[in-house]
Amino acid sequence: MERDNKAYSEKVIAGLTEACSNGEDIRVDLHTHSAVSDGRYSPADLVALAAEKKVKLLALTDHDTYNGISEAAEAAARQQIHLAAGTEISSIWRGREIHVVGLSFDLKSEEMAGLIRRQSELRDERARAIGARLEKCGITDAYARTRAMIGEDAAMTRGSYASFLCSIGVAETEGKCFAAYLAENKKAYVKPQWTPIEEVTECILKAGGIPVLAHPRCYDLNNKWLRMLITDFKNAGGEAMETAGNVQSPADRAFLADLSVEYGLYASCGSDFHKECVHTSIGNCRFLGLAQKTRPVWSHEKFRLEI
């Protein structure tokens, strides 16, 4: 989409910042997933749903891929939603799986393309290993059948397997399928071998993007370990962290906002949306007042909206 990108971004950002400072309940969602990875909706349908929910600023952040960005950008232009490029990269930190969202990076970056290729290979290796373990549990052709369900180009995740298992009646819900087979220490769990978090962060920076620590409260870390993670992430070049998300108490949101200020990180928000359900809704991140307390990630000099 041809436009004066810099002027366009600055105008939108200024409007968002003013609205937030005035206490308006603006809808921003910078962490969402489509069917290009393990979400339920196509990129275009995801954007349409975001428009229905009155989201003003959106990022599509599929797992280890950005193949859906072009479709999302075309839909966003029709829906008058402001879209930022994004992806969610799985990484390893001190033996733990940690997710890093990359925002506003150059879609033509060779560094990002190389990282995505490596991640795709690692993801497929893990998916095949999970399929083999499900085979031993009596679920035949799990990998091939899940691949057929999600499509050849989609990034396969444990969530993909949970959807498949639910579809064949293994359990009533995807969550129960996940808990029975795919969670850590269960029969089909395979320990991930992702790219180290330092390399992921460096790659996003080289691509001109903003590395964001995704959903910091989802890693089962106590406050001491959470601070260790944030410290290491910042030292590796991390520039922002998610402070507002779904299923979050006001106290927890305030605590994460305080941490972002303490560690000098920009504040982002994201629902980690995959599908509409009781606990998750796109744009339902409660970003109200964040600009008054923190530095919103959209105020970062590298944040841009051109696709």
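Look a little higher up for the structure.
Each value, and the rule that gives it
Residues numbered from 1 in each chain as written. Predicted model: local features only at pLDDT ≥ 70, side-chain atom pairs only at ≥ 80, totals over all residues. Heavy atoms only, no water. Core = buried A, V, L, I, M, F, W, Y, C linked by side-chain atoms within 4.5 Å. Buried < 20%, exposed > 50% of the residue type's maximum accessible area, 1.4 Å probe, protein only. Contact = heavy atoms within 4.5 Å. Helix = DSSP H or I, 4+ residues; strand = E, 2+ residues; numbered from the N terminus. Salt bridge = Lys/Arg side-chain N within 4 Å of Asp/Glu carboxyl O. Polar contact = N/O pair within 3.5 Å; in protein donor to acceptor, adjacent residues only side chain to side chain. Lys, Arg positive; Asp, Glu negative; His and termini not counted. Pairing = 2+ DSSP bridges. Right-handed = clockwise from strand over helix to strand, strands pointing away. 1 Å grid on protein atoms, 1.4 Å probe; cavity = no way out; pocket = protein on both sides within 12 Å on 5 of 7 lines; lining within 4 Å. Points joined across faces, edges and corners; volume = space filled by probe spheres on them. Nonpolar A, V, L, I, M, F, W, Y, C, P; charged D, E, K, R; others polar.

Draft legend 1. Region of the structure containing the nonpolar core. Counting residues in hydrophobic clusters, the biggest one holds 68 residues, and the most contacted among them are Leu103, Trp298 and Phe303. Ignoring anything within four residues of it in the chain, the contact list for Leu103 reads Leu30, Ala59, Thr61, Ala85, Gly86, Gly209, Ile210, Val212, Ser268, Val297 and Phe303. Counting residues in each nonpolar core, the second largest holds 18 residues, with Ile150, Ala154, Ala162 and Cys177 among its members.

Draft legend 2. Main features of unusual backbone geometry. Notably, Gln80 is not glycine yet its phi reads approximately 60°, a positive angle. Tracing the backbone shows Gln80 in the loop between helix 3 (69–79) and strand 3 (82–93).

Draft legend 3. Region of interest: the pattern of salt bridges. By the definition in use, this model includes 13 salt bridges. For the salt bridge of Asp64 with Arg123, the shortest nitrogen-to-oxygen distance reads 2.3 Å. With Asp64 in the loop between strand 2 (57–60) and helix 3 and Arg123 in helix 4 (residues 110–136), the pair connects residues that are 59 residues apart, well separated along the chain. Residues Asp64 and Arg123 agree in their burial class; the two are buried. A salt bridge links Lys302 to Glu239; the nearest nitrogen and oxygen atoms lie 3.0 Å apart. In this pair, Lys302 sits in the segment after helix 11 (290–293) while Glu239 sits in the loop between helix 9 (223–235) and strand 7 (240–244), placing the two residues 63 residues apart along the sequence. Each of Arg40, Glu174 and Lys275 takes part in one network of salt bridges that share partners.

Draft legend 4. Focus on helix 6 (residues 158–167). Every buried residue of helix 6 is listed here: Ser160, Tyr161, Ala162, Ser163, Phe164 and Leu165. If you follow the buried residues of helix 6, they end up packed against helix 4, helix 5 (142–150) and helix 7 (174–182). Where helix 6 begins, the capping side chain belongs to Thr157, and its oxygen is found 3.0 Å from the backbone nitrogen of Gly159. Positive backbone phi, at 85°, marks Gly169, one or two positions downstream of helix 6.

Draft legend 5. Molecular detail of the side chain of Asp62. Its location among the elements puts Asp62 in the loop between strand 2 and helix 3. Buried charged residue Asp62 carries no salt bridge. Nearest counter-charge: Arg123, at 10.0 Å. A polar contact of 2.7 Å, which involves the side chain of Asp62, links it to the side chain of Ser34. If we skip the residues at most four places from it in the chain, Asp62 touches Thr32, His33, Ser34, Val36, Ser37, Thr87 and Glu88.

Draft legend 6. Quick look at the pairing of strand 7. Most of strand 7 sits inside the fold, with five of its five residues counted as buried. Bridge count for strand 6 (residues 210–213) against strand 7 is two bridges, and the pairing is parallel. In the sheet register, Leu213 faces strand 7, and the bridge partner there is Met241. Remark: the strand 6/helix 9/strand 7 crossover connection has right-handed handedness. Pairing of strand 7 with strand 8 (residues 266–269), which is carried by four bridges, proceeds in the parallel orientation. Across the sheet, the residue bridging to Glu242 is Ser268, located in strand 8. With helix 10 (residues 250–262) bridging strand 7 and its parallel neighbour strand 8, the resulting β-α-β unit is right-handed.

Draft legend 7. Structural detail: empty space enclosed by the protein. On inspection of all chains with the given rule, the structure shows two cavities of 30 Å³ or more. Here the largest cavity is characterised by a volume of approximately 50 Å³. Along the walls of the largest cavity sit Arg123, Arg126, Ala127, Ile130, Met156, Thr157, Arg158 and Trp194, which together make up its complete lining. Tallying contributions element by element places helix 4 first for the lining of the largest cavity, with four residues. Of the residues contributing to the lining of the largest cavity, the split by class is four nonpolar, one polar and three charged.

Note that every value here comes from positions in space, so none of it alone points to a role or purpose.
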